[in-house]
Amino acid sequence: APARSAVTAPLLHEGRVLGAMSAQSYEPNAYDEADLELFEELARITAVSIFNSQQFAELEHRRREAEQLEEIGRALTSKLDPDQVVRLIVSAVSDVLEVDGVAVWLCDPRDRAHCRVAESEGDIALPIGLEWRLADDLYERLIDQWEPVQLDNLGAISGMPEQVAEHVTGGSAIGVPLILGGQVEGVLTAGSKQARRYGKEDMAVLQRLASQASVALGNARLHANLHALSLTDPLTGLPNRRRLQIHLDHEVAAARRGRPMAIAVFDIDKFKHYNDTFGHIAGDEILKAVGTVLQEENRAMNVVARYGGDEFVSVLSETGVEGARHFVERVQEAMASHDTISKFGISMSVGCAEFDPETMAS
């Protein structure tokens, strides 16, 4: 049988309704004013308890979140490989936020409106390499104004490219810029299958992760650039002697296991004469021109390096001495038609050698 009488009181705390509390009786007129006052007092005490419990849970959640972010920050700054940093960023967002998909989009340096997925994971992960040319409004907010973006209904976005739309059929997302060296280098996004899934707190967490990621990515890129510079000849842009030695160690080890290998050594004839006659600037032009020809005629799998002042070495993988001779012939033909080299009448002495496992074994 339905209750014949009831008493109800809202659970109020600091002007906010947390819920309601009620009691029922099968007896008619079971409650009087005194019961109502007592019930209201119980409701007030209950509201305070619920509020304190919610606050404690929220504080505990924020404490764990802060610990996670601190740990993620330490992990990010320990990585010196840009690709590792990007992968760790994606994993970190998945660990901290409730997401169905995470992606790091990197901007094309020549056109920052053109973005490409560098890393992604989750149930709705985007394909690596997926490209999106940002519409004017997204470009202005993310790239120009460095503002975060909240998209509550991805299905309602106009101007989304077809190749992106086929992977983004609905739900919601938030995105924040990755700022390096005073400009936006990419966008960090988190997505959900649900519409209107994210709020201000989620955005704040993603922004903090993006800030940590930007610092770590900047450090990793700087380290990678310094490492590349330490292995590159600054004049010609070719690998230097140190880089050549590292590559040779690898190729010789492969040659000992049976893979063919040859080298070609180039020495510019009478280079000191040209340097003394035309000056060091002209000498530098000659070296750069020779380096350009060698690089253009070189296969992608091979390495050509500046070995000394006017000496260059090309390491030819999967090639015997006959293949090395053909390579030298191509280089000589290209040099003969090169404007700078032909202008100075440059010639080169060349030597070729093939790795012989039997000789090396003895």
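Quick note: structure is the one above.
Small disclaimer: the values here were computed from a predicted structure and weren't measured.

Cut-offs used in this document
Residues numbered from 1 in each chain as written. Predicted model: local features only at pLDDT ≥ 70, side-chain atom pairs only at ≥ 80, totals over all residues. Heavy atoms only, no water. Helix = DSSP H or I, 4+ residues; strand = E, 2+ residues; numbered from the N terminus. Rg over C-alpha atoms; globule rule 2.2 N^0.38 Å. Buried < 20%, exposed > 50% of the residue type's maximum accessible area, 1.4 Å probe, protein only. Areas by Shrake-Rupley, 256 points an atom, 1.4 Å probe, with all protein chains shown as cover. Lys, Arg positive; Asp, Glu negative; His and termini not counted. Charge placed at Lys NZ, Arg CZ, Asp CG, Glu CD. 1 Å grid on protein atoms, 1.4 Å probe; cavity = no way out; pocket = protein on both sides within 12 Å on 5 of 7 lines; lining within 4 Å. Points joined across faces, edges and corners; volume = space filled by probe spheres on them. Nonpolar A, V, L, I, M, F, W, Y, C, P; charged D, E, K, R; others polar. Patch = residues over 30% accessible without salt bridge, like charges linked within 9 Å, V, L, I, M, F, W, Y side chains within 5 Å. Salt bridge = Lys/Arg side-chain N within 4 Å of Asp/Glu carboxyl O. Expected span 1.5 Å × (residues − 1). Arc of directions from axis to C-beta. Contact = heavy atoms within 4.5 Å. Axes fitted to C-alpha atoms, helices over the stretch in contact; angles between N-to-C directions. Parallel < 35°, antiparallel > 145°, perpendicular 65-115°, else oblique. Phe/Tyr/Trp six-rings, centres within 6.5 Å; stacked < 30°, edge-to-face > 60°.

Help me understand the overall build of the chain in this model?
What the chain contains, in helices and strands, is 11 helices and 12 strands. Over its C-alpha atoms the chain spans a radius of gyration of 34 Å, topping by over 25% the 21 Å that the globule rule assigns to 362 residues. Its C-alpha atoms give the chain principal-axis dimensions of roughly 115 × 50 × 35 Å. Expressed as a percentage of the 362 residues in the chain, the buried residues total 38%. Taken as a whole, the chain presents about 20,400 Å² of accessible surface, with 50% of it coming from carbon and sulfur. Separation of charge centres in the chain, based on 34 positive and 56 negative side chains, amounts to 5 Å.

Any chance you could explain the layout of surface pockets here in plain terms?
Taken as a whole, the largest pocket spans an internal volume of roughly 460 Å³. Forming the boundary of the largest pocket are 29 residues, of which Leu126, Trp132, Leu154, Ala173 and Thr189 lie nearest the centre. Elements with a minimum of two residues in the lining of the largest pocket: strand S3 (101-108), helix H3 (136-144), strand S6 (149-151), strand S7 (172-180) and strand S8 (183-192). Looking at the lining of the largest pocket, the element that brings in the most residues is S8, giving five residues. Partitioned by chemical class, the residues of the lining of the largest pocket number 19 nonpolar, nine polar and one charged.

I'm lost on a negative patch on the surface in this one. Help?
Taken together, the side chains of Asp32, Glu33, Glu37 and Glu40 present a region of like negative charge at the surface. Judged by its relative accessible area of 54%, Glu37 falls in the exposed class.

Mind showing me how you'd approach helix H9 (residues 321-337) here?
Every α-helix winds through 3.6 residues per turn, so residues three or four apart in the chain are directed the same way. For H9, spanning 17 residues, the distance from its first C-alpha to its last is 25 Å, which sits close to the expected 24 Å at 1.5 Å a residue. Where H9 is concerned, the buried positions are Ala324, Phe327, Val328, Val331, Ala334 and Met335. The buried residues of H9 occupy one face: seen down the axis, they fall within an arc of 125 degrees. Among the exposed residues of H9, those pointing more than 90 degrees away from its buried face are Glu333, Ala336 and Ser337. The inward-facing, buried residues of H9 contact strand S9 (261-268), helix H8 (280-297), strand S11 (311-317), helix H10 (339-344) and strand S12 (348-354).

It is not clear to me how the packing of helix H7 (residues 271-278) against H8 should be interpreted in this structure. Could you clarify?
Helix-helix packing: each pair is described by the crossing angle between the helix axes and the interaxial distance. The contact between H7 and H8 brings their axes to 6 Å, and the two run at 140 degrees. Judged by the inter-axis angle, H7 sits oblique to H8. The residues of H8 that touch H7, namely those facing Phe271, Tyr274, Asn275 and Phe278, are His280, Ala282, Gly283, Ile286 and Leu287.

Even after reading the chapter, I still don't get the pattern of salt bridges, so can you show me in this structure?
As a working rule, side chains carrying opposite charge can pair if their charged atoms are close by. Counted by the stated rule, this structure contains 13 salt bridges. For Arg112, the salt bridge goes to Glu185, with nearest N and O atoms at 3.4 Å. Of the two residues, Arg112 is situated in strand S4 (residues 111-122) and Glu185 in strand S8; the sequence distance between them amounts to 73 residues. Per residue, the accessibility class of Arg112 equals that of Glu185, and both read buried. Its salt-bridge partner being Glu251, residue Arg259 comes within 2.6 Å of it at the nearest N-O pair. Owing to a relative accessible area of 27%, Arg259 belongs among the partly exposed residues under this scheme.

Could you clarify how one ought to interpret the packing of aromatic side chains in this entry?
Here a ring pair, both rings aromatic, is described through the centre-centre distance and the interplanar angle of the planes. Per the counting criterion, the structure on display carries four aromatic pairs. Ring geometry for Phe266 and Phe327: centres 6.1 Å apart, planes at 80 degrees, overall edge-to-face. Within this pair, whereas Phe266 is found in strand S9, its partner Phe327 is found in helix H9, the two being separated by 61 residues in sequence. Residue Phe266 shares its accessibility class with Phe327, and that shared class is buried. Relative to Phe344, the ring of Phe278 lies with its centre 5.0 Å away and its plane at 70 degrees, an arrangement referred to as edge-to-face. Residue Phe278 is located in helix H7, and its partner Phe344 is located in helix H10; the two are separated by 66 residues in the primary sequence. Under the relative-accessibility criterion, Phe278 is labelled partly exposed at 44%.

Teacher, can you tell me more about unusual backbone geometry here?
Note: most peptide bonds trans; most residues except glycine with negative phi. For Glu14, which is not a glycine, the phi torsion comes out positive at approximately 50 degrees. Of note, Glu14 is situated in the loop between strand S1 (5-13) and strand S2 (16-25). Phi is positive for Arg196, close to 50 degrees, though the residue is something other than glycine. Mapped onto the elements, Arg196 comes out in the loop between S8 and helix H5 (200-230).

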